2 protein chains.
Amino acid sequence: MLPLPPSVDLREVGLRDGLQLEAPVPLATKLTLLDAIAATGVRRVEVTSFVSPDAVPALADAEQLAAELHRWPELRFSALVAGRGGARRAVAAGMADLEYVISASDGHSLANARRTTDEAVGAVADIAALTHGAGGRLEAIIAVAWDCPFDGRTPVERTVEVARRAVELGADELCLGDTIGTTVPGRVVDLLDAVRTAVPGVGVGVHFHDTRGAGLACVLAAAQSGITKIDASVGGLGGCPFAPGASGNIATEEVVYLLEESGVDTGLDLTAALAAATVAERAVGHGLPSTLHRAGGPNRPRGRSRVTR
Amino acid sequence: MLPLPPSVDLREVGLRDGLQLEAPVPLATKLTLLDAIAATGVRRVEVTSFVSPDAVPALADAEQLAAELHRWPELRFSALVAGRGGARRAVAAGMADLEYVISASDGHSLANARRTTDEAVGAVADIAALTHGAGGRLEAIIAVAWDCPFDGRTPVERTVEVARRAVELGADELCLGDTIGTTVPGRVVDLLDAVRTAVPGVGVGVHFHDTRGAGLACVLAAAQSGITKIDASVGGLGGCPFAPGASGNIATEEVVYLLEESGVDTGLDLTAALAAATVAERAVGHGLPSTLHRAGGPNRPRGRSRVTR
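Small disclaimer: the values here were computed from a predicted structure and weren't measured.

*Asks:* Could you clarify how one ought to interpret the pairing of strand β4 (residues 97-103) of chain A in this entry?
*Replies:* For a regular strand, the rule is simple: side chains alternate between the two faces of the sheet. Residues and elements named next belong to chain A. The buried count for β4 comes to seven of seven residues, which makes it a mostly enclosed element. Of the two faces of β4, the one holding Asp97, Glu99, Val101 and Ser103 and the one holding Leu98, Tyr100 and Ile102 are both buried throughout. Taken together, the four bridges between strand β3 (residues 76-81) and β4 define a ladder with parallel strand orientation. Following the sheet pairing, valine 81 is matched in β4 by tyrosine 100.

What follows is the structure, encoded as structure tokens:
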């Protein structure tokens, strides 16, 4: 097997990508979940989006949540924005690090944000200026980096070009999103290689969904190719908007289990991560996709065992 | 990424490992499922166990099922046995290829079959003679090859020694089982390397569970290390006996998706594999763990997509 990096830097996205399609949960419940997330040892938390409350009612309390974040000085928070207006709101609310999402396909960009990819890229300079003015860093998240639900496969050169222009216009970091959970490890490595060649020296993270079972294999392949910035969601919270019942985000505790058992330091405590998943499950009031959470954790269970293997 | 083999040879285990802990389903339902499995293009099917009907009532119809297998001449069937008595029953029922399960740890062996690992290994010669007398091949399945729910980690040298002795006593092939779904890719490759060094030239397969999210990553690592014999279960059918609600076997259609999208020929048709999962779901009367099946397949879905990535 190819070697893995000695450590990775996970980002917890359950409060944003996990909750955005759920029925809204009270602010106090989010704070309880944030407490549980902080206890895992994770250092980076994507905490909310500053987007239209009509489009995403679950995150309509972005300003109120931002006002509470001083309670966790040990965490580095970021917020997602979809345009200049959201960026202004986020900065006014005291957020420093912003994530600006750009869809690499026109089909997804038009459906998601009513503008073409080119138009979305064009806003990077203004959003970067706002972010840097607030003393923060701007990450450009490239959605549908591998596949689009409307336009099919995203050509590698298209994603690379979005990455190159976003950096040119002021993005400090990049994150590649497998929005519909269709990619596989070989394609992960191919795109990562192409992007890093185009923007050498720029930090590149990955955001996988486990919609078709290959999410953890993609994490491993990305890590083997040297990627250390990895998004994951507590309990796998975050359904796929297209398929009710389908699992969405890769589960934080499963990433921790896989990597720690493989000798990679994640900085997270697995027991605390499983406890956070239980808190998340209570918050949303339904079961979560994480198989590790459903299995009850990493312990070798005792019990009935006849004629199984 | 390390290269993958051009093709793999999957074995469908849903009828045995998938159904063994379910409430018994009628023989006619099993035959319907077998029809759906045959339509996937898979060539090898683990179809039942010849074990105590009191211990595994779901497979109490082993003889009746064996009598129907002539309907699918294109499939190579195998049956699992736990000892000499089961092997005699299987051969009398017309089965040729047998799988004899040996637990690599005494704790699991005693719980599963009321004998030590040494005692289990001691029966290989008799079972091999029975199998070869019937014109079949004997596969020794090494359960808890990586971890045991009772004894903890299984030392590599212990699994290797079981493998070496099983081959010495007449086993034609081996299969390593991650019975409780705890292993990770690096440990997979380490054990496979050690076993193949000990028994060069002997076919070695793998049987993974996806109980903690790493099952597909283990499949990929095994394939990258040159393993082409891979077990999988339609729809991920087959719960973990220890943890209600936990997913068990890796799902056939997820393995097909991962490998075919990675350029590996599995011989299976993904649409037919998803259809078989739907048949399996109806057969057992409850949802299955496969995330791909829940997502509705590999198609790039169209639909609502606001502010997601």
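*Asks:* It is not clear to me how helix α7 (residues 124-133) of chain B should be interpreted in this structure. Could you clarify?
*Replies:* Think of an α-helix as 3.6 residues a turn; residues three or four steps apart then line up on the same face. All names here are of chain B. Within the sequence span of α7, burial applies to Val124, Ile127, Ala128 and Thr131. Buried residues along α7 cover an arc of 100° about the axis, so they all sit on one side. Close packing links the buried residues of α7 with β3 (76-81), α4 (84-92), β4 (97-103), α6 (117-122), β5 (138-143) and α8 (156-168). Looking one or two residues past α7, glycine 135 carries a phi angle of roughly 80°, positive in sign.

*Asks:* Looking at this structure, I do not really get empty space enclosed by the protein. What am I missing?
*Replies:* Empty space among the atoms can be located by rolling a probe the size of a water molecule over them. If you walk through the whole model with that rule in mind, you get eight cavities of 30 Å³ or more. Approximately 220 Å³ is the volume found for the largest cavity. Lining the largest cavity are 25 residues, and of these Asp210 and Thr291 of chain A together with Asp210, Pro289 and Thr291 of chain B lie nearest its centre. If you list the elements that add at least two residues to the lining of the largest cavity, you get α13 (291-295) of chain A together with α13 (291-295) of chain B. When its residues are assigned to classes, the lining of the largest cavity shows seven nonpolar, twelve polar and six charged.

*Asks:* Before we go on, may I ask you to explain the environment of leucine 259 of chain B in this structure?
*Replies:* Residue and element names in this part refer to chain B. Of note, leucine 259 is situated in helix α11 (residues 252-261). Relative accessible area serves as the criterion here: at 0%, leucine 259 is assigned to the buried category. Placed 40 residues apart in sequence, leucine 259 and valine 219 show a C-alpha to C-alpha distance of 9.1 Å. Filtering out sequence-adjacent residues up to four positions away, leucine 259 remains in contact with Val8, Val219, Leu220, Ile230, Val264 and Thr266.

*Asks:* Can you help me understand helix α4 (residues 84-92) of chain A in this one?
*Replies:* Residues and elements named next belong to chain A. For α4, the full list of buried residues reads Gly86, Ala87 and Ala90. Viewed end-on, α4 has its buried residues packed into an arc of 100°, placing them on one side of the element. Those residues of α4 that are buried are in contact with β2 (44-50), β3, β4 and α7 (124-133). Phi for glycine 94, located one or two positions after α4, is positive at around 100°.

*Asks:* Please explain the sheet that holds β4 of chain B as it appears in this structure.
*Replies:* Sheet strands pair via backbone hydrogen bonds, and the direction of the pair is either parallel or antiparallel. Residue and element names in this part refer to chain B. Here eight strands make up a closed barrel; going around it, the order is β1-β2-β3-β4-β5-β8-β9-β10 and the pairing parallel. Geometrically, the sheet is characterised by an average inter-axis angle of 30° between neighbouring strands, direction not taken into account. Taken together, the four bridges between β5 and strand β8 (residues 173-177) define a ladder with parallel strand orientation. Bridge pairing links alanine 140 to leucine 174 in β8.

*Asks:* What should I look at first to understand the packing of aromatic side chains in this one?
*Replies:* Two numbers describe a pair of aromatic rings. These are the distance of the centres and the angle of the planes. Residue and element names in this part refer to chain B. In total, this model carries two aromatic pairs over all chains according to the counting rule given. Ring centres of tryptophan 146 and phenylalanine 208 lie 5.8 Å apart, and the angle between their planes is 40°; this geometry places the pair in the tilted category. Highlighted residues: tryptophan 146 in the loop between β5 and β6 (147-148) and phenylalanine 208 in the loop between β9 (203-207) and α10 (215-224), separated in sequence by 62 residues.

*Asks:* Sorry, what's going on with the side chain of glutamate 139 of chain A here?
*Replies:* Residues and elements named next belong to chain A. Relative to the assigned elements, glutamate 139 resides in strand β5 (residues 138-143). Residue classification places glutamate 139 among the buried residues on the basis of a relative accessible area of 5%. In this structure, glutamate 139 is in contact with Arg11, Leu98, Glu99, Tyr100, Glu173, Leu174, Cys175 and Lys229, ignoring residues within four places of it in sequence.

*Asks:* What is the right way to read the sheet that holds strand β8 (residues 173-177) of chain A from this model?
*Replies:* Residue and element names in this part refer to chain A. The parallel closed barrel is built from eight strands, whose spatial order is β1-β2-β3-β4-β5-β8-β9-β10. Recorded for the sheet is a direction-independent mean angle of 30° between the axes of neighbouring strands. As paired strands, strand β9 (residues 203-207) and strand β10 (residues 229-232) are joined by two bridges and run parallel to one another. For valine 206, the partnering residue across the bridge sits in β10 and is isoleucine 230.

*Asks:* What is the right way to read the nonpolar core from this model?
*Replies:* Grouped burial of nonpolar side chains is what soluble globular proteins tend to show. By size, the foremost hydrophobic cluster in this structure holds 100 residues, and its most contacted members are Met95 and Leu174 of chain A. Among the nonpolar cores identified, the runner-up in size contains 99 residues, and Ala38, Leu69, Val199 and Val206 of chain B belong to it.

*Asks:* Quick question: what am I supposed to make of the environment of glutamate 99 of chain A here?
*Replies:* Considering the arrangement of structural elements, one finds glutamate 99 of chain A in strand β4. Along the primary structure glutamate 99 of chain A and arginine 16 of chain A are separated by 83 residues, whereas in three dimensions their C-alpha atoms are 12 Å apart.

Reading the values: the criteria
- Residues numbered from 1 in each chain as written.
- Chains lettered and ligands numbered in written order.
- Predicted model: local features only at pLDDT ≥ 70, side-chain atom pairs only at ≥ 80, totals over all residues.
- Heavy atoms only, no water.
- Buried < 20%, exposed > 50% of the residue type's maximum accessible area, 1.4 Å probe, protein only.
- Helix = DSSP H or I, 4+ residues; strand = E, 2+ residues; numbered from the N terminus.
- Pairing = 2+ DSSP bridges.
- Arc of directions from axis to C-beta.
- Contact = heavy atoms within 4.5 Å.
- 1 Å grid on protein atoms, 1.4 Å probe; cavity = no way out; pocket = protein on both sides within 12 Å on 5 of 7 lines; lining within 4 Å.
- Points joined across faces, edges and corners; volume = space filled by probe spheres on them.
- Nonpolar A, V, L, I, M, F, W, Y, C, P; charged D, E, K, R; others polar.
- Axes fitted to C-alpha atoms, helices over the stretch in contact; angles between N-to-C directions.
- Phe/Tyr/Trp six-rings, centres within 6.5 Å; stacked < 30°, edge-to-face > 60°.
- Core = buried A, V, L, I, M, F, W, Y, C linked by side-chain atoms within 4.5 Å.

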